[in-house]
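Architecture and fold: a report
Spelled out, the chains give:
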Amino acid sequence: MASLTACGAAARPHVFQSLLRHRQTGAGKCVAIYGTDGLAHMAIRIARATGAEVSVLAPVISATDRLWMGADHYFATLDPVTHRALEGAFDLIVCTTPDADIKACLGLLKCDGALLMLEAQASPDLIRNALTFCGLSDVMTAERL
C-alpha cells in the first residue's frame, strides 16, 4: 500500500521535516523531489540532510537547475523512458508543484512508498477518491502528525 500526504508546508517547514521523520527518511532511502522551484530546493536540502539519496523529477531540467539544486540524480518526466526505468524506484516522492501527474508519480513509488504533496491544490476528498480509484489507501494529512 502506498500513502499520500497533502499539506501546505511552504509556510511550515517544520511540518515537512516531521513528515520526513515519520516516513523514516534517511540513509538507504530513495527520495524524489518533483519540481524545480524554491520549495523543491528546500525539500532537496532537507532530504539530503537526512542522508537519503535524492533525485529531482521535472518535465525539463536545465543545466542551471542541476548546478544550484544539489541532488544526486535528475530525470526529465517528459521522456517516456524515464517512467519505465524508474517504476517502483522511490520510497518517497515529494511533489512541490500543483500540476504534477499524481497517477504517474504513484507508479514510481515502491510498494510501501509515500507521495507527499506540498501546497496541494486538490481537496482531501478529491485526493482520497483518486487513491480509492487507484486501489490505494492511507491518506494522511498534516493535522494527524
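Residues numbered from 1 in each chain as written. Predicted model: local features only at pLDDT ≥ 70, side-chain atom pairs only at ≥ 80, totals over all residues. Heavy atoms only, no water.

1. Topic: the confidence of the model for the chain
Looking at the chain, the pLDDT average stands at 75 and 70% of residues meet or exceed 70. In this model, residues 138–145 is a region of pLDDT below 50 whose contacts with residues beyond four sequence positions or in other chains number 22 contacts. (pLDDT = per-residue confidence, 0-100. Contact = heavy atoms within 4.5 Å.)

2. Considering the pairing of strand β6 (residues 109–118)
Among the 10 residues that make up β6, seven are buried, leaving the element largely enclosed by the rest of the structure. In terms of handedness, the path from strand β5 (residues 90–95) via helix α5 (residues 102–107) over to β6 forms a crossover that is right-handed. (Buried < 20%, exposed > 50% of the residue type's maximum accessible area, 1.4 Å probe, protein only. Helix = DSSP H or I, 4+ residues; strand = E, 2+ residues; numbered from the N terminus. Right-handed = clockwise from strand over helix to strand, strands pointing away.)

3. Points about the pairing of strand β3 (residues 53–58)
Of all six residues that make up β3, five are buried, and the element is covered over most of its length. Sheet topology places strand β2 (residues 30–34) next to β3; five bridges connect them, and they run parallel. Across the sheet, residue V31 finds its bridge partner in β3, namely V54. With respect to chirality, the unit in which β2 leads through helix α2 (residues 38–49) into the neighbouring parallel β3 is right-handed. Taken together, the four bridges between β3 and strand β4 (residues 73–76) define a ladder with parallel strand orientation. Residue pairing in the sheet places A58 in a bridge with A76 of β4. Since β3 and β4 lie parallel, the crossover through helix α3 (residues 63–69) that links them has a hand, and here it is right-handed. (Pairing = 2+ DSSP bridges.)

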